[in-house]
Amino acid sequence: DVQLQASGGGMVQAGGSLRLSCVGSGFNLNDYAIGWFRQAPGKEREGVACISSSDGSTYSVEGRFTISSDNAKNTVYLQMNSLKPEDTAVYYCAAVPYYRLGYRLIPPTGADFRSWGQGTLVTVSS
């Protein structure tokens, strides 16, 4: 079965950086799209970025954030730079078979993703 483990969160000062990791098991990244989402207290879940390793497609709503993958490690990363207090949230990674997106990332939504990790907390202080 598809399993996802998110890690790398923590507390940083505004302007700092973090790299989140999502390690997958039970599936091949080439067959799936992986997305990063976040949810702040009292706010709706928000899509951040997604990637398809099979065709190299990426999508990000934040220019400060970059998504990438290492297929040999079955891992997807979210590099977050120039962090702001409003970036504070629990960050989740999620997976969906790429064919269910029609082999495109323009743009996926949280409802599209079928498997979710447990999340990692990012706190950015002012």
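As the structure is a computational prediction, the values presented were derived from the model and not from experiment. (Residues numbered from 1 in each chain as written. Predicted model: local features only at pLDDT ≥ 70, side-chain atom pairs only at ≥ 80, totals over all residues. Heavy atoms only, no water.)

Draft legend 1. Spatial organisation of the state of the cysteines. Under the defined criterion, the tally for this structure stands at one disulfide. One disulfide in the model links Cys22 with Cys93; its S-S distance is 2.2 Å. The sign of the S-S torsion, about 75°, decides the handedness of the disulfide formed by Cys22 and Cys93: right-handed. Here Cys93 lies in strand β9 (residues 89–97) and Cys22 lies in strand β3 (residues 18–25), a separation of 71 residues in the sequence. Cys93 shares its class with Cys22; the two are buried. (Disulfide = S-S within 2.5 Å. Helix = DSSP H or I, 4+ residues; strand = E, 2+ residues; numbered from the N terminus. Buried < 20%, exposed > 50% of the residue type's maximum accessible area, 1.4 Å probe, protein only.)

Draft legend 2. Looking closely at the nonpolar core. Formed by 26 residues in total, the largest nonpolar core has its most connected members in Ile34, Trp36, Leu78, Met80 and Tyr91. For this core, the secondary-structure elements that each account for two or more residues are β1 (3–7), β3, β4 (32–39), β5 (46–52), β7 (65–70), β8 (75–80), β9 and β11 (120–125). Among the elements that take part in this core, β9 stands out by supplying four residues, more than any other. For Met80, the contacting residues outside a window of four places in its chain are Gly16, Ser17, Leu18, Leu20, Arg64, Phe65, Tyr91 and Val122. Membership of the second largest hydrophobic core comes to nine residues, among which are Ala33, Ala94, Leu101 and Leu105. (Core = buried A, V, L, I, M, F, W, Y, C linked by side-chain atoms within 4.5 Å. Contact = heavy atoms within 4.5 Å.)

Draft legend 3. Quick look at the pattern of salt bridges. Counted according to the given criterion, the structure contains five salt bridges. The salt bridge involving Glu62 is made with Arg64; its shortest N-O contact spans 3.1 Å. Taken together, the shared-partner salt bridges in this structure form one network comprising Arg38, Glu46, Glu62, Arg64 and Asp87. (Salt bridge = Lys/Arg side-chain N within 4 Å of Asp/Glu carboxyl O.)

Draft legend 4. Region of interest: the pairing of β9. Of all the nine residues making up β9, seven are buried; the element is thus mostly covered by neighbouring parts of the structure. For β4 and β9, the ladder comprises eight bridges, and the chain directions are antiparallel. Bridging from a neighbouring strand, Arg38 pairs with Tyr91 of β9. Here three bridges tie β9 to β11, and the two strands are oriented antiparallel to one another. Across the sheet, Tyr91 pairs through a bridge with Thr120, a residue of β11. As paired elements, β9 and strand β10 (residues 115–116) share two bridges and run antiparallel to each other. (Pairing = 2+ DSSP bridges.)

Draft legend 5. Broad picture of the pairing of β11. Relative to β11, strand β2 (residues 10–13) is paired through four bridges, and the arrangement is parallel. Across the sheet, Gly10 pairs through a bridge with Val122, a residue of β11.

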